[in-house]
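Chain by chain, the residues run as shown.
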Amino acid sequence: MQPEHQGVAVTVLVSVGRHPLTGRARRADQDARGLELALGLEERLPGSRINLLHAGPRCEESESALRGYLGMGAGTGLEHLTLLEQPEGADAIPALAEHLASATPQLVITGARAERGEGSGLLPYALAEHLGWPLVNGLAAVEKVEHGVATLLQALPRGQRRRLQVRLPAIVSVDGAAPAPRQSAFGPARRAQLEVTPLAAERDHELAEWAMAPARKRPKRLKIIKSASARDRFKAAAAKAEGGSGQVLEGVSSEQGADAILKLLREEGVLPR
Amino acid sequence: MLETLLPILIFAALGVAVVGAWRRVRLWRQGRPSAVPLLKGLAALPRRYLVDLHHVVGRDKVISNTHVATAGGFVAAAVLMILVHGLDLGASEGWGGVLGWLLLAASACMFMGSLFVARRRRHPPARLSKGPWMRLPKSLMAFSLGVFLVTLPTVGILPAGFGSWVLALALAAVVGWGLAEMVVGMTWGGPMKHAFAGALHLAFHRRAERFGEGNRSTGLKALDLENEAASLGVETPADFTWNQLLGFDACVQCGRCEAVCPAFAAGQPLNPKKLIQDMVVGLAGGSDAGYAGSPYPGKPVGEHHGSPHGPIVGRGGKALVDAETLWSCTTCRACVEECPMMIEHVDAIVDMRRFLTLERGETPNKAPEVLDNLIATDNPGGFAPGARMHWAADLNLPLMADLQQVDVLLWLGDGAFDMRNQRTLRALVKVLRAAKVDFAVLGNEERDSGDVARRLGDEATFQSLARRNIATLAKYHFQHILTCDPHSFHVLGNEYGELGGDYRVYHHSTYIAELHDAGRLTFAPWKGGSVTYHDPCYLGRYNGEYEAPRRVLEALGITLNEMQRSGFRSRCCGGGGGAPITDIPGERRIPDMRMNDVKESGAGLVAVGCPQCTAMLEGVVDASAEVRDIAELVADALVAAPSEETAARHRPRAVEVA
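Counting restarts for each chain, with residues numbered from 1 along the sequence as it is written. Going through the entries in the order they are written, you letter the chains from A and number the ligands from 1. In view of the model being predicted, local features appear only for residues whose pLDDT reaches at least 70, and side-chain atom pairs are presented and counted only at 80 or more, with totals across whole chains, interfaces and linings using the full set of residues. As a rule here, side-chain values cover all heavy atoms of the structure and leave hydrogens and water aside.

Asks: Could you clarify how one ought to interpret the overall build of chain A in this entry?
Replies: Check the secondary structure of chain A and you find eight helices and eleven strands. In terms of its C-alpha atoms, chain A occupies a principal-axis envelope of roughly 60 × 55 × 45 Å. Taken over 273 residues, chain A has a buried fraction of 39%. Residues are treated as being in contact if the distance between any of their heavy atoms lies within 4.5 Å. Long-range pairs, those at least 24 residues apart, make up 71% of the contacts in chain A between residues at least 6 apart in sequence. Every accessible area reported is derived by Shrake-Rupley at a probe size of 1.4 Å, with residue values counting cover from the shown protein chains alone. Total accessible area on chain A stands at roughly 16,600 Å², and carbon and sulfur atoms take up 51% of it. When charges are counted, neither His nor the chain ends are considered; positive counts come from Lys and Arg and negative counts from Asp and Glu. Note that the charge is assigned to NZ on lysines, CZ on arginines, CG on aspartates and CD on glutamates. When the 35 positive and 32 negative side-chain charges of chain A are each reduced to one mean point, those points stand 11 Å apart. Strands are runs of DSSP state E lasting at least two residues, helices are runs of H or I lasting at least four, and both sets are numbered from the N terminus onward. Each residue is assigned to one of three classes by its accessible area relative to the maximum for its type, calculated with a 1.4 Å probe on protein chains only: buried under 20%, partly exposed between the two thresholds, exposed over 50%.

In structure tokens form, the structure reads like this:
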């Protein structure tokens, strides 16, 4: 039997990134990895179509950042980006969900979290909830798509991988484990089309109430190795993180689970005792 | 019999040559338009040929004299032959007889030249192409000897009906062979094509400003980014301008470029001569199987093919040239400096790189990361722009933003982020303070000059950086810019002009030399060992500054042990053109070869004047010589100038000698 050579319709959600040092708008690293994953898929599955989708305001800065994604499409079929135009501070989730529900892609790829704005990493989950689609996070590769079922490789901590099968349509999110994005070429980026759809904005009221401050690296608990020999220090540095104090709860009710989490948070001093 | 045969042969050859010329011109005109003054160019041709071209050819006296005898003899003989044998003016009385004798002299001169050509071809050096070029001395002899012999009866040395018709036919055949090679081959593509294409190339050269005593034109030409629909850079041979194509066609395959190319010597897959010949293959269409010179190292001849409107670099497969050939170039300009046909190899390579970077997004290895850094942080290393002045935290450097007006703007370059170059910068600041120079720095307002982005083909990033730098510089008043980085020196001085920034830029070696001449610096005598000097490409070949660094070293009391390859023949350190970033593998490393040159000179210290050269040469393992920047040597030798009162109190003292 001939292997099924039917392409998939992929939509990549792209955001306007922010360079960590200078704060300049750029293609966001994780979203670019998501597009790279999609472009790799297109090479292997002829007939696949990639759509780029962004919801947000249209200005010079965001446009040049979004064109950064289009510049990755040199020599591929990627030529346009759908921009759901919204004012600053509008909630992207309903707009995206509505568009995806009508455009019916088979696979939606997104980065794990945005580089500016809220950056909570909740968008893929909220979208999956809205659309009723399965979600796989931390994707490393899409191995194959056959008969509407995708075989995915999920990245776990410490380089471990887990193979999953998921029925399409589905949402997948990528982080640093996905392949590094290819170079963005200036010419194709400049010539590509932005299809702008103005949208009635739904204000994100919760976001409006928040005070924004630049993120800072969270302090890390120091691991103090009391050992004189270099061999021991090396072993300690290379060893797996100790999971000694961890606890696996199985077959418990949601109240019991919540109690356990609250108890831990109080013990760690995150919540007042 | 000869009297009837010769005019037929001569005019038939001329006719066929005219048809060939028309076809050749059509090939060149496939290229993009390029505005050059045609008549002015043709008028300038004799001077460009006799002065500029022979200045380069004359570096090898034997070949130069050979060429003068052969080419001069040929041109004279050809013109006289048309008059004497073609139009039958030789038989008439008066001037006609003189013409015959002149023709004899011209063909004899050409024959002498052809003997030297033949001697050269007996054991040709590897850089020369073989193939059709090996028959050239025989063809030259056939023409000169044939013309000489058929002219003997004309001047009356031999009786008019001498010999039989067999002899006449044989002579006509020899002359015919000569005409076929020398006249028909000139436009139909034999070795003599170089004369026809070369003459027109000199007349219609894309850089007319490079001709003339002391003139040079080394800045890359800006790419027009205004037209959004246009494809950027050169994808197919027809994307070159027509006079670039004409220039490629002028190549005489002498291989001088190959002999000086650092990438070729390092076994990287680049040979400038083959590259130009591949462009000729591309403009005519076909395969490179007919090429008879050294191949690209590691790439057999005959596997590549192209057409005028086909891609030069294939996507995934083989086309005319492989991408790594283009990325091997260090843009050191040794090939351009050495080329007797004034071909602009570096322009062509950067044109093709522009397409690969701007249209394909296929800049190899670490280059995309460097370009992204330049876009996001204005420096290739991706450092925080606010950290640019950290190296000078203790120096209290005056800022342009505070002073607004100074004599000298010190341009730091991206070496400000590099710990090795910071030592050079500190030394330079010490020298400037010792000479009481009124200077200031831009501080965090400075950005990368755009040199690396431009050489990597990213013209968009270059122009963005350049325009912002020009806008920053326009805010302040200064007499001139001073920098210790020849790359910034070149870009600020030669390439910003096209974008609206005209500055008087000094390299620190020139500036220090002038300070010393003005008596503002006093040096202690040199106590170190033997020293050699490495000419940076972007200071020497790009800007013609060979003297000032040597004058500074002389002022320090140093007698230089010159390397065999120094001055305009200096060998590149391997650090230019983004080559350390694209990092195309070869058999050897270019800086290793250069340090070997240093070792052969016997010097224990190599003076440099470029942060790239410093980094590349210091990266050599087990080097026999120390690498110091000129600024460091000067700073170490500084002594306070003897003011009048201290001079009065000065008395002899004991000096420690051991």
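Asks: I would appreciate a short explanation of the overall build of chain B in the present structure.
Replies: Within chain B, the secondary structure is distributed over 27 helices and eleven strands. Counting every position in chain B, which comprises 658 residues, the buried fraction comes to 58%. Taking the contacts inside chain B whose residues are at least 6 apart along the sequence as the reference set, 76% of them involve residues at least 24 apart. Summed over all atoms, the accessible surface of chain B reaches about 27,200 Å², with 59% contributed by carbon and sulfur.

Asks: Looking at this model, I keep getting lost on the layout of surface pockets. Mind explaining?
Replies: Any space left empty among the atoms is revealed by the rolling of a water-sized probe across them. Estimates place the volume of the largest pocket at around 1,600 Å³. Grid points spaced at 1 Å and placed over the protein atoms alone form the basis of the search, with a cavity being a set where a 1.4 Å probe fits but cannot get out and a pocket an open set showing protein on both sides within 12 Å along at least five of seven lines. Lining residues have an atom within 4 Å of a point. What lines the largest pocket is a set of 42 residues, among which Ala25(A), Ser64(A), Gly68(A), Ile375(B) and Thr461(B) lie closest to the centre. Breaking the lining of the largest pocket down by element, the ones donating at least two residues are β3 (25-27), α1 (29-44), α2 (60-70) and α5 (186-191) of chain A together with α14 (345-360), α15 (367-377) and α19 (459-473) of chain B. In terms of residue class, the lining of the largest pocket is built from 15 nonpolar, eleven polar and 16 charged. Around the second largest pocket, the lining comprises 50 residues; the ones closest to its centre are His67(B), Ala71(B), Met192(B), His194(B) and Ala195(B). Grid points are joined across faces, edges and corners, and a volume is the space filled by probe spheres set on the points. Think of it as three bins: nonpolar holds Ala, Val, Leu, Ile, Met, Phe, Trp, Tyr, Cys and Pro, charged holds Asp, Glu, Lys and Arg, and polar takes everything else, Gly as well.

Asks: Whenever I open this one, the pairing of strand β4 (residues 49-56) of chain A confuses me. Can you help?
Replies: Residues and elements named next belong to chain A. A large share of β4 lies buried, amounting to six of its eight residues. DSSP calls a pair of strands paired once it identifies at least 2 bridges connecting them. As paired elements, strand β1 (residues 9-13) and β4 share five bridges and run parallel to each other. Across the sheet, Val10 pairs through a bridge with Ile50, a residue of β4. Of the strand pairs in this sheet, β4 and strand β5 (residues 80-85) are connected by five bridges, and their pairing is parallel. Among the inter-strand pairings, His54 is bridged to a residue of β5, identified as Leu83. Classification remark: right-handed applies to a crossover when, strands pointing away from the viewer, the course from the first strand over the helix to the second runs clockwise. Between β4 and its parallel partner β5, the chain crosses via α2, and the hand of that crossover is right-handed.

Asks: Explanation requested: the side chain of Ser62(A) in the structure shown.
Replies: Residue and element names in this part refer to chain A. Summarising the element assignment, Ser62 is placed in helix α2. Owing to a relative accessible area of 8%, Ser62 belongs among the buried residues under this scheme. Excluding anything up to four places from it in sequence, Ser62 contacts Val16 and Pro57.

Asks: Honestly, the sheet that holds strand β8 (residues 149-155) of chain A in this entry has me stumped. Any pointers?
Replies: Backbone-to-backbone hydrogen bonds join strands into a sheet, with any given pair of strands oriented parallel or antiparallel. Residue and element names in this part refer to chain A. In spatial order, the strands read β9-β8-β7-β10-β6-β1-β4-β5-β11; together these nine strands make up an open sheet with mixed pairing. Because the sheet does not close on itself, it has two edges, and the strands there are β9 (161-167) and β11 (193-198). Looking at each pair of strands side by side, their axes are set apart by 30° on average, direction ignored. Where helix α3 (residues 92-103) meets the sheet, it contacts β1, β4, β5 and β6 (107-111), and its direction lies at approximately 150° from that of β4. Only C-alpha atoms enter the line fits that serve as axes; for helices the fit covers just the stretch in contact. Angles between N-to-C directions range over 0 to 180 degrees.

Asks: Help me understand the domain arrangement of chain B in this model?
Replies: Where interface size is given, it is often the accessible area lost as the parts come together that is meant. Residue and element names in this part refer to chain B. Marked domain ranges trace back to an automatic or database domain assignment. When its domains are assigned, chain B resolves into domain 1 (2-203), domain 2 (234-350), domain 3 (370-517) and domain 4 (522-639). Put simply, the middle of domain 2 and the middle of domain 4, counted by C-alpha atoms, are 29 Å apart. Opposite the 21 residues of domain 2 that make contact, domain 4 presents 21 residues. Throughout, the accessible surface (probe 1.4 Å) given up by two parts as they are put together, summed over both, is called the buried area. Summing the contributions of domain 2 and of domain 4, the shared interface buries around 1,700 Å²; its carbon and sulfur component is 56%. The largest share of the area that domain 2 buries against domain 4 comes from Ala266, Thr330 and Glu337, three residues that together contribute 26% of it. Salt bridge, as used here: a side-chain nitrogen of Lys or Arg that lies within 4 Å of a carboxyl oxygen of Asp or Glu. Taken together, the links from domain 2 to domain 4 amount to one salt bridge. The shortest N-O distance in the salt bridge between Glu338 and Arg569 comes to 2.7 Å. As used in this structure description, the phrase polar contact means that two N or O atoms lie within 3.5 Å; if the pair is within protein, one of them must be able to donate a hydrogen and the other to accept it, and residues adjacent in sequence are counted only when both atoms belong to side chains. Remark: the boundary between domain 2 and domain 4 carries twelve residue pairs in polar contact (both at pLDDT 80 or more).

Asks: Could you clarify how one ought to interpret the UniProt feature "transmembrane region" (unreviewed entry) in chain B in this entry?
Replies: Residues and elements named next belong to chain B. UniProt positions are given in the numbering used here, feature names are shortened, and annotations may be inferred rather than shown by experiment. The feature "transmembrane region" (unreviewed entry), as annotated in UniProt, sits at residues 6-22, 68-87, 99-118 and 139-158 in this numbering. Between the end C-alpha atoms of residues 68-87 there is a gap of 27 Å, over a span that is 95% helix and 0% strand. With 85% helix and 0% strand, the stretch residues 139-158 has end C-alpha atoms that lie 25 Å from each other.

Asks: Teacher, can you tell me more about the sheet that holds strand β9 (residues 605-608) of chain B here?
Replies: Residue and element names in this part refer to chain B. Strands sit in the order β8-β9-β10 across an open sheet of three strands; the sheet is parallel. On the outer flanks of this sheet lie β8 (531-533) and β10 (626-629), each paired with one strand and no other. Averaged over all adjacent pairs, the angle separating strand axes in this sheet is 30°, with direction ignored. Where β8 lies against β9, three bridges are found, and the strand directions are parallel. Within β9, the residue paired with Tyr533 across the bridge is Ala607.

Asks: What is the right way to read the packing of helix α2 (residues 38-57) of chain B against helix α7 (residues 193-203) of chain B from this model?
Replies: Helix-helix packing is described using two parameters, namely the angle between the two axes and the distance between the axes. All names here are of chain B. Two numbers describe how α2 lies on α7: the axes approach to 7 Å, and their chain directions differ by 105°. Between α2 and α7, the angle falls in the class roughly perpendicular. Across the interface between the two elements, Gly41, Leu42, Leu45, Arg48, Tyr49 and Leu53 of α2 pack against Ala199, Leu200, Leu202 and Ala203 of α7. Taken together, the residues that form the contact of α2 with α7 break down as eight nonpolar, one polar and one charged. Note on terminology: angles under 35 degrees are roughly parallel, angles over 145 are roughly antiparallel, angles of 65 to 115 are roughly perpendicular, and the others are oblique.

Asks: Help me understand the packing of aromatic side chains, please; the structure alone is not making it clear to me.
Replies: For any pair of aromatic rings, the description consists of the separation of the ring centres together with the inter-plane angle of the planes. All names here are of chain B. The pairing test for Phe, Tyr and Trp rings, Trp by its six-membered ring, is centres within 6.5 Å, and the orientation test on the planes gives stacked under 30 degrees, edge-to-face over 60, and tilted for anything in between. Throughout the structure, instances matching the rule amount to nine aromatic pairs over all chains. A ring pair is formed by Phe240 and Phe248, whose centres lie 5.0 Å apart and whose planes are at 80°; its orientation type is edge-to-face. Per residue, the accessibility class of Phe240 equals that of Phe248, and both read buried. Ring geometry for Phe383 and Phe417: centres 4.9 Å apart, planes at 15°, overall stacked. On the criterion of sequence distance, the pair formed by Phe383 in the loop between α15 and α16 (400-403) and Phe417 in the loop between β3 (405-411) and α17 (419-434) is long-range, its members being 34 residues apart. Using a relative accessible area of 40% as the deciding quantity, one classes Phe383 as partly exposed. Charge over a ring is defined by NZ of Lys or CZ of Arg lying within 6 Å of the ring centre and within 35 degrees of the ring normal. The ring centre of Tyr291 lies 5.4 Å from the NZ or CZ of Lys274, which sits over that ring.

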